[in-house]
Amino acid sequence: KTLEQVMEIRESLLKRIKDIRKGDVQIDTEQNIKQEQMLSEFRMEIMTILLKLVDKDAATIDKLKEISKDLLRFKMSISNEVMRMLMLPQATTRTVTTQTGDCSECDVLKEISTKIENLVVCADKEEGEDVQDAEIVQEPEGNEAGAGQVCMPPAMYAMDLIGVNELIDNEIEGLYTSLITTTEEDTRLKQFEKLKDFKSLRETIDEMITKLMSETDDEKLKKLVKRSLGRVNTEQKTKLKDCQAQCGPGGCESCAADVLYDAIAKMNDYKTFFNNTDDEEAKKEFVRTDMIKYITENNNEARDILTKKATEGVIDECDQEKSEIYKMTKAPMWMLVNTTIFAGVDELEVMVDAMVTQLEELLKQYCGSDVVITVRTTDEGPNCEWEEYQQTKEYLIKVDDIIQEALFKAKDDSAQVTAILGFVDIQGLYDKRVKKLFEEELVCPDEVKVIKKEYMTQLSKCMAQFMNGKLKFSEMSRLQRISCTKELRNAMESRMGKLLQAELEKSLNEIEVASEANAIKSG
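These numbers were taken from a predicted model, which means no experiment stands behind them.

*Asks:* I'm lost on the nonpolar core in this one. Help?
*Replies:* Generally speaking, soluble globular proteins have nonpolar side chains that are buried together. Met267, Tyr270, Met291, Leu336, Leu407, Tyr430 and Phe438 are the most contacted members of the largest nonpolar core, which totals 94 residues. Of the residues forming this core, the biggest block, 11 residues, is contributed by helix α8 (residues 256–276). Leave out the neighbours within four places in its chain, and tyrosine 430 touches Tyr395, Ile451, Tyr455, Met456, Leu459, Leu488 and Met492. Listed in part, the 33 residues of the second largest apolar core include Val108, Ile168, Leu179 and Leu212.

Right, dumping it as structure tokens:
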């Protein structure tokens, strides 16, 4: 009972953190409550308690006393956090630039980068191309306009850079104030580095302003900006991405970050579990169960995105990024599950560390500047061939439905959507079967190999073909519509023939052995 309740607390904390990161929960950034940071600390505390509860000696009196004390300490931590929030000063309308240690530190870099990029893009435009009069067009609030959409006349470039310097001066002032009050050495060193970077940037822009103020020819002004600010623009964008990658998904504009941060948090949970228990089987079971559940959740979200694309014809950039990251992480995560079945704990720990490294690298690609191991088992399952045969029959029925309802007599382009939705359903059947096989510790490894390497590969080709925006489905011939799906069907039929033959041979061998045994008894 206690274990279930602690698990519920952990799930609630994880859900709240995820909702904050995705923006589903609104937070007051001005008050700097640090909700996500504190919830993450509580998550680690509850994880430690959970590890003690699943320990093999958890039922002893001493362990129960220790767990009780931990639960009381956790309750006290919650009470203290409630009091801290109640004692927070009321928010005021006065805006103060402070170094908070969270994603707000990236805001000024974003504003500076946006203004410099806008100047470079505007200077690169041809004379008279979308250049607006400064008195008529004002820059939208919150930098909503894209780079180059709102351009000042070249004679006003210097004024834009003076505005950038004002931003830098405010940030430098905030850093000086922070340095006076900060005592931690690591924090002070980071702030000194930031201060040095901002001072260097200010000197560069000062020099640029001087050059622009001494020039009147529009073309020469544009050349000056392109030549001198191009490198600065690249450097600022790199610094912004690095800042956003370090502070969490709240500062990263990529939707892929939400998925990646969740995955990294999972891996860190596993590492914590490894450090708090000596039971090797418990380590593998914990990772395997949790990872399969996580992969299933990702698969469901990926299918929802595919369904949306099929029904609406297009998906936004956010869904596109999530779809990409689900595909990129799916195989490595199944490899991690595979490791819990066939390898030792040492290899599992190395695999988790490698996953963290790879996920962080992906995070840098989205926010900042394969070989699949197949391990065979010598133990045969109770009846792998027959179970696979029955499963393949289900896939085949679904494929035939698609051919009959959408491909054979396609009257209009709506049949294209019907076909794609059918493919998504088949992909769901594959994912469900693979999940089940891994949960059963891959007693039927050949079936997984066939599904992943043959069926899923061919299905992906068919889906890609039908999702092509340039495709005119109603203009395709029947042969063109059916050919890709027919290849998938042929692969399934061929596999079913081999499975049926193997099953028949096995049955005949059993009959032969039984007959020989009876003959011996009779003799």
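*Asks:* In this structure, what is going on with a positive patch on the surface? I would like to understand it.
*Replies:* Together, Lys211, Lys220, Lys223 and Arg227 line one region of the surface with positive charge. By the element assignment, lysine 220 lies in helix α7 (residues 218–247). For lysine 220, a relative accessible area of 49% corresponds to the partly exposed category.

*Asks:* Looking at this model, I keep getting lost on helix α12 (residues 384–408). Mind explaining?
*Replies:* An α-helical turn contains 3.6 residues, so a residue and the one three or four places further along point in the same direction. Across its 25 residues, α12 extends 34 Å between first and last C-alpha, which sits within 8% of the 36 Å expected from 1.5 Å per residue. What α12 keeps buried is the set Cys384, Glu388, Tyr389, Thr392, Tyr395, Leu396, Val399, Ile402, Ile403, Ala406 and Leu407.

*Asks:* Explanation requested: the layout of surface pockets in the structure shown.
*Replies:* If a probe the size of a water molecule is rolled over the atoms, the empty space left behind becomes visible. Each pocket or cavity is described by its volume, and for the second largest pocket that value is around 1,100 Å³. Residue lining of the second largest pocket: 42 residues in total, with Lys327, Lys330, Lys452, Met456 and Ser460 positioned closest to the centre. For the lining of the second largest pocket, the secondary structure elements donating two or more residues are α9 (280–312), α10 (317–342), α13 (414–439) and α14 (445–466). No other element matches α10, which puts 12 residues into the lining of the second largest pocket. The residue makeup of the lining of the second largest pocket, split by class, is 23 nonpolar, 10 polar and nine charged.

*Asks:* What should I look at first to understand the state of the cysteines in this one?
*Replies:* Here, the word disulfide means a covalent bond between the sulfur atoms of two cysteines. Within the structure shown, the criterion is met by four disulfides. One disulfide in the model links cysteine 384 with cysteine 444; its S-S distance is 2.1 Å. On the S-S bond that ties cysteine 384 to cysteine 444, the torsion sits near -85 degrees, and the link is left-handed. With cysteine 384 in helix α12 and cysteine 444 in the loop between α13 and α14, this residue pair connects regions lying 60 residues apart in the sequence. For cysteine 384, a relative accessible area of 14% corresponds to the buried category. Judged by its relative accessible area of 5%, cysteine 444 is buried. Shown here is the disulfide that connects cysteine 462 with cysteine 484, its sulfur atoms set 2.2 Å apart.

*Asks:* I tried to follow the pattern of salt bridges on my own but got confused; where do I start?
*Replies:* Side-chain pairing between opposite charges can occur once the charged atoms of the two side chains come close. Inspection of every chain in the model, using the stated rule, returns 19 salt bridges. Between aspartate 353 and lysine 271 there is a salt bridge whose closest N-O contact spans 3.5 Å. Of the two residues, aspartate 353 is situated in helix α11 (residues 345–367) and lysine 271 in helix α8; the sequence distance between them amounts to 82 residues. Here aspartate 353 falls in the partly exposed class, since its relative accessible area comes to 38%.

Conventions we followed
Residues numbered from 1 in each chain as written. Predicted model: local features only at pLDDT ≥ 70, side-chain atom pairs only at ≥ 80, totals over all residues. Heavy atoms only, no water. Core = buried A, V, L, I, M, F, W, Y, C linked by side-chain atoms within 4.5 Å. Buried < 20%, exposed > 50% of the residue type's maximum accessible area, 1.4 Å probe, protein only. Helix = DSSP H or I, 4+ residues; strand = E, 2+ residues; numbered from the N terminus. Contact = heavy atoms within 4.5 Å. Patch = residues over 30% accessible without salt bridge, like charges linked within 9 Å, V, L, I, M, F, W, Y side chains within 5 Å. Areas by Shrake-Rupley, 256 points an atom, 1.4 Å probe, with all protein chains shown as cover. Salt bridge = Lys/Arg side-chain N within 4 Å of Asp/Glu carboxyl O. Lys, Arg positive; Asp, Glu negative; His and termini not counted. Charge placed at Lys NZ, Arg CZ, Asp CG, Glu CD. Expected span 1.5 Å × (residues − 1). 1 Å grid on protein atoms, 1.4 Å probe; cavity = no way out; pocket = protein on both sides within 12 Å on 5 of 7 lines; lining within 4 Å. Points joined across faces, edges and corners; volume = space filled by probe spheres on them. Nonpolar A, V, L, I, M, F, W, Y, C, P; charged D, E, K, R; others polar. Disulfide = S-S within 2.5 Å.

Everything listed is a geometric property; what it means functionally is a separate question.
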